[in-house]
Amino acid sequence: MARVTCTPGDLIQWDSSDNCLAPLTDYQKDSLQKLEQELSSLDILGCEDTSNDSDKCDNITRIERCQDVLECYTKLEKEYMSSENLKYISYLNDLKTRRQECQELSELIKDTLEDFSILFKQYAEVSDKTSSLHDASEELISDQKRLNCLVESIAEYVKYFKEVDIIMEKLEAPTLSVNSEMFFNIVEKVDTNMDALQTNSTFKESGTYLVKYRHCQSKIISLIQNYIFNLFTKTTESILNFNETEGVQENMDAALALFYGRFQTIVCKVKPIIEQVETKSLKRQEYNNLLLECHQYYWGQRGLVLGPSIQKSLAAIKDRYNGDHCSLVRHSCALLLHASVDEHRLFYEFFSKPSAGLTTFLESLCTSLYDTIRPFIIHINHLETLAEICCILRIEMLDEHVQNNFEPLEGFGNICLQLLHDVQERLVFRAQLYLQSDVLNYSPSPGDLAYPEKLQMMEDIAESIREENRQSRMKRISISSSDSNVLEPVSRNHIVMDAIYQKSHMGSSPADLHGMWYPTVRRTLVCLSRLYRCVDRSVFQSLSQEAISLCVQSIEKARNEIENRASVLDAELFQIKHLLILREQIAPFQVDFTIKEYSLDFSRVKMAAFGLLERSNKLFTLSNNALLEFLLEGTPKMKEQLIDSRKQVDNNLKHACHRLIQHATYVLINPVMQLLEKEKTYSNTSHSNTIEQIFGTAQEVNAVVADVLRTIKFKLPHIQQSMQLYLANKETEFILLRPIKNNISAAFAQLYQLLSKYYTSEELLLIACPLPEQISVILSSSSLLQNKSTQPESKNSLDKEEL
C-alpha cells in the first residue's frame, strides 16, 4: 500500500465543513460524539474538586497544530497508562526487592557449600583411615578363625588316629557285652572313623590306620555273629533236648507251641542287634554278608527243629487217612499252610528286612508235602478222587489261601502248584483211558438197549405213582370237605397241591432222567464236568473234543444195535434224544470246542514220484535235473484242519432227524411213493404199455389209496406216541412231525395231479384220492391227542433251523 503524505494545509482541510478531505459518515459522527461524552466523564487529570476544574483545565494545552494533537495524545496516553498499570508497577517493585534478597541468599548458600566441601574432604580423609583400620582388624579376625578351624580340623583328624587303640582295647575286653549300649557306640564310632579315613585317603598313614579299623570291624562282625549264632544254637538244642526227653511229639499242638515259644523268648535279645546289622547293611557289604549268613543260619536251625516234626506229622496224617486220599491231601496241606504262615511271622519278628531266601526256605520246608502226597497221586485211578484233589489244591489252597496271603504262602503255593500239575497229568491220563475203555469200547448190556421197553416201564411207573397220589389226595379232600363243609377252598387247595406235587415229584420226564440216559452219554458228561474245573482250558478243549467224538461214535453204535433189536424208528429216536442231551449238557461249558489238527498231504510226493519215473533218463543231467526237481517239489505239505465238536453233534443230529423223517414218510405212504416212481419210469420210457398195465385199474389204485389212509390213521399216532415217549417235548415233536406231514401232503398232491392226468372223472371218483385240504384234515384227525396233561416236558428241544 502507498503511503499518503499530508501537509498542514491538508490537515486543516481534514475535517472542514465545506471541503472536507475525509468526510465522516453519520455513524462515525455518532461514534465520535459518544467517545467525547465518555472522555468528558473521565477524570483524566485526577481532579477531585469540581470547583477547581476550571483552573486545571486552563492548564490544558491548546491544540492548534497537528503536532499539538499528537503530543497531547501521547501525554494523555502516558497518563492513562500510568493510572491503569499502577498495581503492576507496585508488584514489579516488590519482585525486584525479592530478587535482591534472593541474590543475597544465594551468596550465603554459596559460601556455605564451600564450607561443606571443605568438611567433606576432611570427612573422606578420616573415613579412609577408619576403613583401612577396620579392614586390617577384619583380616586379623579371619586369620584367627581360619587358624582356629585348622587347629580344630587337625584335632578332629588326629582323633581318628588316636581312637583306634582305645577301640581295640575295648573290643578285647572280656566284659564287653554285644547287647550293651557301649558296644553299639563302638560300632558307630568305627563306621564313622572308617568313612573319615576313606574320605581323606591322602593323609599320611591313613591306609595303615584304615587296616586297623577294618580289623576292628571284623572283630565286631565276629562278635555279633557268634552272639546271634550261639543264641539260635542254644534255643534249637533246648527244643530238641526237651522234645527227646519229654516226648512232646505225641502232642502236635504242644510241640508247635514249644517250637515257636522258645524262639520268641530270644527275640528281645537278638532284635536290637539285627536291627543295627540291617541298618548298616544298606551301606556296607560286610554287614550285608553278615545279615545273609544270619538268615541262612536261622533257616538251618529252624529246619532242624521243624523238619523232623513235620515229617512225623505227615506220617501220622498218612496213617490216619490211609484210604481217604482227599482228606489226606486236605489235612497235609493245612499242616504245611499253617506252618508256612507261622514261620513267616516268626522270621519277621527277628528280621525286618525282606529276603528272597525266605520263600526258598518255606518251599524246601513244604517239599516233604510233595514227597508224601505224590506217591499216592500216581497210583489213583478214580477220576472223582483226582478231580476232588484238583479242586482241593486249586480252589481251597491256591485260590482261597495263597492268593489272599501270597507273601507268606508263596513257597507253599509253588509246591501246591507242582502237585496240581501232577494231579492234572494223572487225571488227563486216566480220563483218556476211561474214554477209550468205558465210552468207545463200551459193551452194552441187554438192559442198556431195551428201548422202548425201559422208557414205557418208567412211564407206567410214573403214571401209577401219579394215580395213587391223586387218589390219596382225593380221599384227604373228601375227609376235609366232610369236616368243614366248605367246598371252594378245598377245590382251590386241590389245584395248588396238584401243582406242587407235579413240580416237586415229576420235575422231569422219565425219559429225561439221568438214570435213563445211555451209559456212555452219562459217563462222558460226568467226565467232562469233572475235567472242566480241574484242567487248563486248552487241555480241556482237546479232551472235550475227543470225548464228544467218542460219545457220538458210541451213540451211533448203540443206534445200530437198537435198529437190529427193535425198529428203525426207535433207533432214530434214541439217537436224536441222546444227541439233544449231549448238545444241551455241553452248552454251559464256556470253552471253544474247536481244535486244530495238522496232517501231511503226500499228494505232491506222489506226483513228483511219477514225474521222476517218467524222467528217469535225466537223473544226472546238469539242466532240468529230475532228481533235484523231485527233492524240491516232492516235499509233503502241512495241512491245517479245524474240528468243531459242537458242529459234529449238530451235523449228526441233523442227519438223524432227516433219517427219521424219511423213515416215517416211507412207513406211512410207501405205496403212494411207489406209484409216483412208476409214473417217473413211465414218463422216461416208451408208452407201449397201457395205464392199467402200469398203475392198475381204478379199483386197484383205490385200494392202494385206502390202504395208505388206513396206515396213516393207525401208524401216525404210534409214531407220535414214540416221539412223546423218547423226546417228551412238544416243540421238538412238532418240528419233527411237520416235515412228515408236509411230505405226505406233497405226495398226495402229486398223486392227485397224476391221476387227473391219466384217469377220467368217473375213475377219479372211484379212486377217491383225497385233496390237499382233505389230507390235511385227515392228518390232523389222526394225530395223537395230548390226553396226559400232567406229563412233564423234557428240557431238550430241537431248533427249527436245524431241519
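Small disclaimer: the values here were computed from a predicted structure and weren't measured.

**Quick word on the overall build of the protein chain**
Summing up its helical and strand segments, the protein chain has 28 helices and two strands in all. Looking at the protein chain as a whole, 35% of its 803 residues qualify as buried. A separation of at least 24 residues holds for 78% of the contacts in the protein chain among residues at least 6 apart in sequence.

**Let's talk about the side chain of R284**
Position of R284 relative to the elements: it lies in the loop between α9 (267–281) and α10 (285–320). Since its relative accessible area comes to 11%, R284 is described here as buried. In terms of polar contacts, R284 uses its side chain to reach the backbone carbonyl oxygen of D191, at 3.1 Å. Residue contacts for R284: discarding those within four places in its chain leaves D191, M194, D195 and Q217.

**A word on helix α28 (residues 772–782)**
In an α-helix, one full turn covers 3.6 residues, which means residues spaced three or four apart are oriented alike. Three or more residues of α28 are buried, namely I775, L779 and S782. Projected down its long axis, α28 carries its buried residues within an arc of 70°, all on one side. Turned more than 90 degrees off the buried face of α28, the exposed positions are E773, V777, S780 and S781. Those residues of α28 that are buried are in contact with α25 (698–726) and α26 (730–758).

**Here's the deal with a negative patch on the surface**
On the surface, E107, D111, E114 and D115 cluster together into a patch of negative charge. Turning to its location among the elements, D111 is positioned in helix α5 (residues 86–171). Overall, D111 belongs to the partly exposed group, its relative accessible area being 40%.

**Points about a nonpolar patch on the surface**
Together, L105, L108, I109, L113, F116 and L119 give the surface a local cluster of nonpolar side chains, amounting to about 630 Å² of exposed area. Along the polypeptide, L108 turns up in helix α5. The class for L108 is exposed, based on a relative accessible area of 55%.

**Quick notes on unusual backbone geometry**
A negative phi angle is the norm for most residues apart from glycine, just as the trans form is the norm for most peptide bonds. In the segment running from Y451 into P452, the intervening peptide bond is cis, with an omega of 5°. Topologically, P452 is positioned in the loop between α15 (410–440) and α16 (453–484). Backbone geometry places A728, a non-glycine residue, at a positive phi of 55°. In this structure, A728 sits in the loop between α25 and α26. A residue is classified by how much of its surface remains accessible, and A728, at 5% relative accessible area, is buried. Of note, the phi angle at A768 is positive, near 60°, even though the residue is not glycine. Its place among the elements puts A768 in the loop between α27 (761–767) and α28.

**Concerning the packing of helix α18 (residues 519–532) against helix α19 (residues 537–565)**
For the pair α18 and α19, the least separation of the axes is 9 Å and the interaxial angle reads 175°. The orientation of α18 relative to α19 falls into the category roughly antiparallel. Between α18 and α19, the residues in contact are T520, V521, T524, L528, L531 and Y532 and F540, L543, S544, A547, I548, C551, S554 and I555, respectively. Taken together, the residues that form the contact of α18 with α19 break down as ten nonpolar, four polar and no charged.

**Side note on the packing of aromatic side chains**
Applying the stated criterion across every chain yields a total of 19 aromatic pairs. Ring centres 5.5 Å apart and planes at 50° place the aromatic pair Y298 and F350 in the tilted group. Linking Y298 in helix α10 with F350 in helix α11 (residues 325–350), this pair joins segments that are 52 residues apart in sequence. In terms of burial, Y298 and F350 fall into one category: buried. One aromatic cluster is present, formed by F232, F263, Y298, W299, F347, Y348, F350, F351 and F361 through successive ring pairs. Residue placement shows R302 over the ring face of Y260; its charged tip is 4.8 Å from the ring centre. Looking at R302, its charged tip hangs above the ring of F263, at a distance of 4.6 Å from the centre.

**Examining the pattern of salt bridges**
Overall, the coordinates contain 18 salt bridges when judged by the stated rule. Between R394 and D536 there is a salt bridge, with the nearest N and O atoms lying 3.4 Å from each other. Taken as a pair, R394 in helix α14 (residues 383–402) and D536 in the loop between α18 and α19 lie far apart in primary sequence, 142 residues in all. The structure contains a network of salt bridges with shared partners spanning E188, D191, D195, K280 and R284.

Parameters at a glance
Residues numbered from 1 in each chain as written. Predicted model: local features only at pLDDT ≥ 70, side-chain atom pairs only at ≥ 80, totals over all residues. Heavy atoms only, no water. Helix = DSSP H or I, 4+ residues; strand = E, 2+ residues; numbered from the N terminus. Buried < 20%, exposed > 50% of the residue type's maximum accessible area, 1.4 Å probe, protein only. Contact = heavy atoms within 4.5 Å. Polar contact = N/O pair within 3.5 Å; in protein donor to acceptor, adjacent residues only side chain to side chain. Arc of directions from axis to C-beta. Patch = residues over 30% accessible without salt bridge, like charges linked within 9 Å, V, L, I, M, F, W, Y side chains within 5 Å. Areas by Shrake-Rupley, 256 points an atom, 1.4 Å probe, with all protein chains shown as cover. Salt bridge = Lys/Arg side-chain N within 4 Å of Asp/Glu carboxyl O. Lys, Arg positive; Asp, Glu negative; His and termini not counted. Charge placed at Lys NZ, Arg CZ, Asp CG, Glu CD. Axes fitted to C-alpha atoms, helices over the stretch in contact; angles between N-to-C directions. Parallel < 35°, antiparallel > 145°, perpendicular 65-115°, else oblique. Nonpolar A, V, L, I, M, F, W, Y, C, P; charged D, E, K, R; others polar. Phe/Tyr/Trp six-rings, centres within 6.5 Å; stacked < 30°, edge-to-face > 60°. Lys NZ or Arg CZ within 6 Å of the ring centre and 35° of its normal.

Note that all results are geometric; they support no functional claim without further evidence.
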